[in-house]
Amino acid sequence: MRQMRLVVVGAGGRMGRALTRAVTENAGTEIVAAVEREGAEVLGRDVGDLAGVGTLDVPVTDDPLTAFANADGVLDFTAPAASLWFAELAAQARIVHVIGTTGWAEGEDEPLQAAARHARIIKSGNMSLGVNLLANLVRRAAAALDADFDIEVLEMHHRHKVDAPSGTALLLGQSAADGRGIDLQAHSVRSRDGIMDPRKTGDIGFATLRGGSVIGEHSVIFAGEGERIELTHRAEDRQLFARGAVKAALWGFDQKPGFYSMADVLGLEN
Ligand SMILES: NC(=O)C1=CN([C@@H]2O[C@H](COP(=O)(O)OP(=O)(O)OC[C@H]3O[C@@H](n4cnc5c(N)ncnc54)[C@H](OP(=O)(O)O)[C@@H]3O)[C@@H](O)[C@H]2O)C=CC1
Ligand SMILES: O=C(O)C1=N[C@H](C(=O)O)C[C@H](O)C1
């Protein structure tokens, strides 16, 4: 069987380099193009050299249209505005679009849903098995515990991360809200500063830490009277997310156009 032909967009980024490595390490996939924005310093560089996996004879380009026309799928860990554009192009090319990008504003899923009429879109704030299993456990814990248990989501990431709360924190918050049968938007508290009203029963709080080189740590805390349950995931290597993205692309290759999550890929009920 032939290999799935993949494009890495944002190829010069932290995840872009991890994705190149993961594609070359998987026998079922090959990298056929690498894309960065117009004017990027890495344009023309070989994507394999950039990722430290040896020369692949694939120079980084700023032309996603041509790249997508000759591919089966795209791996995209960039920024929301870029991912929206790439989704349109993936729909035109009728290919798989794996989106790991986070930092989405409310309502930005709508154009993605439209693109998913033609593309096979798999989007998740976290591509690891562990976090998606954690989300499942959080939903079950939130369903089992009553609102006397306050739910707080705590995350820590490296100093370069620009969005907060992380995509994973929001995914875990959504699982907690689903378990409780409440609307997350109506019950989330995303910042606290100064004197304020005491915590409302049923709220879901988010707290963000940034520093150093932390790959990604998430805890969901259920705090009750006299006892506390903490469910935690710690990512130790960025390749974890990249391997998950490649797995999602291969899974998407056999699907009909649609909007999918990593839980679909992993066969988890989230
Ligand atoms: N779902 C998951 O499992 C994971 C998700 N992420 C998410 O992935 C995203 C990227 O993270 P990270 O790799 O650390 O960030 P980086 O900033 O290192 O990489 C992003 C790359 O995308 C490029 N880019 C931005 N806009 C465009 C565009 N229009 N065309 C082409 N390239 C573009 C950036 O270029 P430039 O620098 O010029 O802007 C940069 O090279 C974040 O949203 C992060 O939260 C990260 C890890 C795991
Ligand atoms: O920016 C990162 O690095 C990560 N982002 C994702 C998120 O926002 O949850 C996933 C992972 O934790 C790393």
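Given the structure is predicted, the values throughout are model-derived calculations rather than measurements. Residue positions within a chain follow its written sequence, with the count starting from 1. Written order decides the labels, with chains lettered from A and ligands numbered from 1. Local features in a predicted model are, by the rule used here, given only for residues with pLDDT of at least 70; side-chain atom pairs are given and counted only at 80 or more, and totals for whole chains, interfaces and linings are based on all residues. With hydrogens and water set aside, each side-chain value is computed from the structure's full complement of heavy atoms.

1. Regarding the packing of aromatic side chains
No. 1: Note on aromatic pairs: the rings of Phe, Tyr and Trp (six-membered ring only in Trp) are paired at centre separations within 6.5 Å, and the planes decide the class, stacked below 30 degrees, edge-to-face beyond 60, tilted for the rest. Counted according to the given criterion, the structure contains three aromatic pairs.
No. 2: Each ring, one from W251 and one from Y260, has its centre 5.0 Å from the other, and the planes form 85 degrees; the classification is edge-to-face.
No. 3: Type-normalised accessible area, obtained with a 1.4 Å probe on protein chains alone, sets the label of each residue: buried when under 20%, exposed when over 50%, and partly exposed for intermediate values. Owing to a relative accessible area of 17%, Y260 belongs among the buried residues under this scheme.
No. 4: Each member of the aromatic cluster is reached from another via a ring pair, and the members are F68, W85 and F86.

2. Details of the pattern of salt bridges
No. 1: The term salt bridge refers to a pairing of a side-chain nitrogen on Lys or Arg with a carboxyl oxygen on Asp or Glu at a separation within 4 Å. By the definition in use, this model includes eleven salt bridges.
No. 2: Here E25 makes a salt bridge to R21, at a shortest N to O gap of 3.8 Å. Pair noted here: E25 and R21 are both in helix α1 (residues 14-25), with a separation of four residues, about one helical turn.
No. 3: Exposure remark for R21: the relative accessible area of 28% places this residue in the partly exposed category.
No. 4: Linking R228 and E230 is a salt bridge whose minimum nitrogen-to-oxygen distance equals 3.1 Å.
No. 5: Look at R228 and you get exposed, because its relative accessible area is 59%.
No. 6: Using a relative accessible area of 43% as the deciding quantity, one classes E230 as partly exposed.
No. 7: In the salt-bridge network here, residues are joined through shared partners; they are D150, E152, R192 and R199. Secondary structure elements are taken from DSSP: a helix is a run of H or I of four residues or more, a strand is a run of E of two residues or more, and numbering for both begins at the N terminus.

3. Let's talk about the sheet that holds strand β7 (residues 150-157)
No. 1: Being paired, for any two strands, means DSSP has found at least two bridges between them. Taken in spatial order, the five strands of this open sheet run β8-β9-β7-β10-β11, and their pairing is mixed. A single partner strand is all that each edge strand has here, and the edge strands are β8 (188-189) and β11 (227-235).
No. 2: Direction of pairing for β7 relative to strand β9 (residues 204-210): parallel, over a ladder of seven bridges. Bridge pairing in β9 places L154 opposite A207.

4. Quick notes on the site of ligand 1
No. 1: The near set for a molecule or strand comprises every residue that places at least one heavy atom within 4 Å of it. Neighbouring residues of ligand 1: 21 residues in total, closest M15, E36, R37, T102 and K161.
No. 2: Whenever a nitrogen or oxygen atom comes within 3.5 Å of another N or O atom, the pair is scored as a polar contact, on the condition that within protein one atom can donate a hydrogen and the other can accept it, and that pairs from neighbouring residues in sequence are kept only if both atoms are in side chains. A distance of 3.4 Å separates an oxygen atom of ligand 1 from a polar backbone atom of G13.
No. 3: At a separation of 2.9 Å, an oxygen atom of ligand 1 approaches a polar backbone atom of M127.
No. 4: Surface accessibility in these figures is a Shrake-Rupley result with a 1.4 Å probe; residues are shielded only by whichever protein chains are displayed. In isolation ligand 1 has 930 Å² of accessible area, and contact with the protein removes 78% of it.

5. What to know about the UniProt feature "domain: Dihydrodipicolinate reductase N-terminal" (unreviewed entry) in the chain
No. 1: Within this structure's numbering, the places UniProt gives as "domain: Dihydrodipicolinate reductase N-terminal" (unreviewed entry) are residues 4-127.
No. 2: Regarding residues 4-127, the helix share stands at 35% and the strand share at 22%, and the terminal C-alpha atoms are separated by 19 Å. UniProt positions are given in the numbering used here, feature names are shortened, and annotations may be inferred rather than shown by experiment.

6. A few points about the site of ligand 2
No. 1: If you check the shell around ligand 2, you find 13 residues, and the closest are H157, H158, K161, G167 and T168.
No. 2: Between an oxygen atom of ligand 2 and a side-chain N or O atom of H158, the distance comes to 2.8 Å.
No. 3: In this structure, an oxygen atom belonging to ligand 2 sits 2.8 Å away from a main-chain N or O atom of G167.
No. 4: Coverage of ligand 2 by the protein amounts to 86% of the 320 Å² it exposes when considered alone.
No. 5: Amino acids outside the nonpolar list (Ala, Val, Leu, Ile, Met, Phe, Trp, Tyr, Cys, Pro) and the charged list (Asp, Glu, Lys, Arg) are all regarded as polar, and Gly is one of them. Looking at the shell around ligand 2, its residues break down into two nonpolar, nine polar and two charged.
No. 6: Domain delimitation in this document rests on an assignment produced automatically or drawn from a domain database. Taken together, domain 1 (4-127 + 238-266) and domain 2 (129-235) each give at least three residues to the shell around ligand 2, which thus spans both.

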